[in-house]
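Listed below are the residues making up each chain.
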Amino acid sequence: MENFTFYSPTKFVFGKETEKETGSFVKSFGGSRVLIHYGGGSAVRSGLIDRVKDSLKKEGLFFVELGGVKPNPRSGLVYDGIELCKSNDIDFIVAVGGGSAIDSAKAIAAGVLYDGDFWDFYSGKKGIEKALPVGTVLTIAAAGSEGSGDSVITKEEGMYKRGTGSEALRPKFSILNPELTTTLPAFQTACGITDIMAHLYERYLTNSKDVEVTDRLIEALLITMKNEAPKVMKDLKDYQARANIMWAGTMAHTNSCGVGRSQDWNSHNIEHELSGLYDCAHGAGLAVTMPAVFTYVKDHDIARFEQVAKRVWGVDTAEEGIEAFRQFLISIGMPSTLGDLGGSEEDIPTLVKNLCYGDGRDGSISGFVTLNEEDCANIYRMMI
Ligand code: NZQ
Ligand code: ZN
């Protein structure tokens, strides 16, 4: 195991009706002038935004709102949010929604306190040192942004999708009420399940030795997802299955099971070009990407793939483990080819160029295995 520092200061509040306490948590973390930031309308239609507003009013807090965050959140709304915060002296941002609303809120939070262009953080030009405090009310178990210091934004010019990370972006509090996720349609539910499992696999694929404790934590979470997913896909209102998946999603990405070990993230980088170019759901893109990446890199450490095959999927070989995972993804309704995402072979040169050279990259991506342009093209071809 490698040396590590683990800092995960988010206050997690879990359970039914907990969103009614949003205002009191904002106050307890020193907020008085709030931006409520949310997506395309699901949280308005369900009445959740009204409940959050009521809780802020109850505490006597000033607020303004900015909806309209799209899945794969765009830079344009971030600039709008930064201006809105500056003109209203906002000192706290509450994101209501999933990874997209939360990531957009984090970008605004960092951008407000920065003199330059907030995209500098995402192009790797600058690190984030400070940000306004952010709280979240989560409506989809997926990205894990409610417990992470990460944010992923798509720049409209060029449709580059890039991520950044900083301790300053970790939410002060995150409200996790599994009931809020019961309005999710089957497809979005399955996309979330896929993303959670991807966050586990990205950490599982490591070059560090003697990482038994984190290996076992990841395997436990993968087994939980494997068992709970069919329950929720059968009954989208199954509270207990939703609850288990929601907490697994947060645990998968706070990095508690990724400490002390190198991690991969090549599947995420390869996928981000897909959701950048096709505007597909991140989880759907990952379902197409992961089996291809795993098959391409498995010989780098076949024993690791055999281990997860045996311990999680109950099969013997690396190949059988990858196939079991692929079949599981298909069983929950996920796509399996580039064509399913709306893409084709002709797009591969663009995908590879954006992946290997877009915004600051030098011709390859690194992780479990370093992948050059040719490797990336081969992997995209395996998705056809
Ligand atoms: O916009 P609304 O109307 O809210 O609809 C959303 C959206 O269409 C809908 N939805 C969310 N909660 C719902 C609901 N519909 C009905 N009932 C509910 N309770 O679901 C759709 C997807 O929402 P989104 O926020 O985009 O989903 P997700 O949480 O998967 O976030 C995806 C984004 O997070 C990034 C991804 O790249 C992607 O841009 N990621 C962020 C990470 C991080 N910050 O740590 C890590 C991840 O790996 C990921 O890259
Ligand atoms: Zn992800």
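Residues numbered from 1 in each chain as written. Chains lettered and ligands numbered in written order. Predicted model: local features only at pLDDT ≥ 70, side-chain atom pairs only at ≥ 80, totals over all residues. Heavy atoms only, no water.

**Quick notes on the site of ligand 1**
And then number 1: Taken together, 31 residues surround ligand 1, and among them Gly40, Gly99, Ser100, Asp103 and His199 come closest.
And then number 2: With respect to ligand 1, the backbone of Gly40 contributes an N or O atom lying 2.7 Å from an oxygen atom.
And then number 3: Here an oxygen atom of ligand 1 and a side-chain polar atom of His199 are 2.7 Å apart.
And then number 4: Secondary structure elements with two or more residues in the shell around ligand 1: α5 (99-112), β6 (150-155), α7 (186-204) and α10 (266-278).
And then number 5: The residue inventory of the shell around ligand 1, partitioned by class, reads 8 nonpolar, 19 polar and 4 charged.
And then number 6: Summarising the domain contributions, the shell around ligand 1 has at least three residues from each of domain 1 (11-180) and domain 2 (184-382). (Near = heavy atom within 4 Å. Polar contact = N/O pair within 3.5 Å; in protein donor to acceptor, adjacent residues only side chain to side chain. Helix = DSSP H or I, 4+ residues; strand = E, 2+ residues; numbered from the N terminus. Nonpolar A, V, L, I, M, F, W, Y, C, P; charged D, E, K, R; others polar. Domains from an automatic or database assignment.)

**Things to note about the sheet that holds strand β3 (residues 62-66)**
And then number 1: If you walk across this open sheet you meet the 6 strands as β1-β8-β5-β4-β2-β3, and the pairing is parallel. Each end of this open sheet is capped by a strand with a single partner; those strands are β1 (11-14) and β3. Looking at each pair of strands side by side, their axes are set apart by 15 degrees on average, direction ignored.
And then number 2: Two elements, β1 and strand β8 (residues 173-176), share 4 bridges in a ladder whose sense is parallel. Across the sheet, Phe12 pairs through a bridge with Ser174, a residue of β8. (Pairing = 2+ DSSP bridges. Axes fitted to C-alpha atoms, helices over the stretch in contact; angles between N-to-C directions.)

**Regarding the environment of Ser275**
And then number 1: Note that Ser275 resides in helix α10.
And then number 2: For Ser275 and Glu146, which are 129 residues apart along the polypeptide, the C-alpha to C-alpha distance reads 21 Å.
And then number 3: At 2.9 Å, the side chain of Ser275 and the side chain of Glu271 are in polar contact.

**Regarding unusual backbone geometry**
When glycine is set aside, most residues are seen to have a negative phi, and most peptide bonds are trans.
And then number 1: Positive phi, close to 55 degrees, is recorded for Asp210, a residue that is not glycine.
And then number 2: By the element assignment, Asp210 lies in the loop between α7 and α8 (212-234).
And then number 3: The exposed category is assigned to Asp210, whose relative accessible area is 67%.
And then number 4: With a phi angle near 85 degrees, Asn255 is a residue other than glycine that sits in the positive phi range.
And then number 5: Checked against the element boundaries, Asn255 lands in the loop between α9 (239-253) and α10. (Buried < 20%, exposed > 50% of the residue type's maximum accessible area, 1.4 Å probe, protein only.)

**A short note on the coordination of the zinc ion (ligand 2)**
And then number 1: The protein atoms that coordinate the zinc ion (ligand 2) are Asp195 (OD), His199 (NE2), His268 (NE2) and His282 (NE2), at distances of 1.9 to 2.2 Å.
And then number 2: Mapping the donors of the zinc ion (ligand 2) onto the primary sequence yields the spacing D-x3-H-x68-H-x13-H. Of the two residues, Asp195 and His199 both sit in helix α7, 4 residues apart, roughly one turn of that helix. In this pair, the class of Asp195 matches that of His199, namely buried. (Donors = N, O, S within 2.8 Å, 3.2 Å for Na, K, Ca; no water.)

**Observations concerning the domain arrangement of the chain**
And then number 1: Assigned domains within the chain: domain 1 (11-180) and domain 2 (184-382).
And then number 2: Between the C-alpha centres of domain 1 and domain 2 there is a distance of 25 Å.
And then number 3: The partner domain 2 presents 29 residues to the 33 residues of domain 1 that form the contact.
And then number 4: Note on domain 1 versus domain 2: buried area summed over both sides is about 2400 Å², and carbon and sulfur give 57% of it.
And then number 5: Counting across the domain 1 and domain 2 interface gives 2 salt bridges.
And then number 6: A salt bridge links Glu273 to Arg162; its shortest N-O distance comes to 3.0 Å.
And then number 7: Counting across the interface, domain 1 meets domain 2 through 9 residue pairs in polar contact (both at pLDDT 80 or more). (Contact = heavy atoms within 4.5 Å. Buried area = accessible area lost by both parts, 1.4 Å probe. Salt bridge = Lys/Arg side-chain N within 4 Å of Asp/Glu carboxyl O.)

**What to know about the packing of aromatic side chains**
And then number 1: As enumerated under the stated definition, the model contains 17 aromatic pairs in all.
And then number 2: On the basis of an interplanar angle of 80 degrees and a centroid distance of 5.6 Å, the ring pair of Phe12 and Trp247 is categorised as edge-to-face. Here the residue Phe12 occupies a position in strand β1, and Trp247 occupies one in helix α9, the gap between them amounting to 235 residues.
And then number 3: You can call Trp247 partly exposed: its relative accessible area is 34%.
And then number 4: Geometrically, the ring pair formed by Phe305 and Phe368 is edge-to-face, given 6.2 Å between the ring centres and 65 degrees between the ring planes. Of this pair, Phe305 sits in helix α12 (residues 302-311) while Phe368 is found in the loop between β9 (364-365) and β10 (371-372), placing the two residues 63 residues apart along the sequence.
And then number 5: A connected cluster of aromatic rings, assembled from ring pairs, spans Tyr201, Phe294, Phe305, Trp313, Phe325, Phe328 and Phe368.
And then number 6: Sitting over the ring of Tyr239, Lys16 keeps its end group 4.4 Å from the ring centre.
And then number 7: We note Arg304 situated over the ring of Tyr204; from NZ or CZ to the ring centre the distance is 4.9 Å. (Phe/Tyr/Trp six-rings, centres within 6.5 Å; stacked < 30°, edge-to-face > 60°. Lys NZ or Arg CZ within 6 Å of the ring centre and 35° of its normal.)

**Brief notes about helix α4 (residues 75-87)**
One turn of an α-helix holds 3.6 residues; hence residues three or four places apart share an orientation.
And then number 1: Between its first and last C-alpha atoms α4 spans 19 Å; for 13 residues at 1.5 Å apiece the expected length is 18 Å, and the two agree.
And then number 2: Within the sequence span of α4, burial applies to Ser75, Leu77, Val78, Gly81, Ile82 and Cys85. Projection of α4 onto a plane perpendicular to its axis shows the buried side chains occupying an angular sector of 155 degrees, all on one side.
And then number 3: Contacts from the buried residues of α4 go to β2 (33-38), β3, β4 (92-97), α5 and β6.
And then number 4: Immediately downstream of α4, the backbone of Asp89 shows phi near 50 degrees, a positive value. (Expected span 1.5 Å × (residues − 1). Arc of directions from axis to C-beta.)

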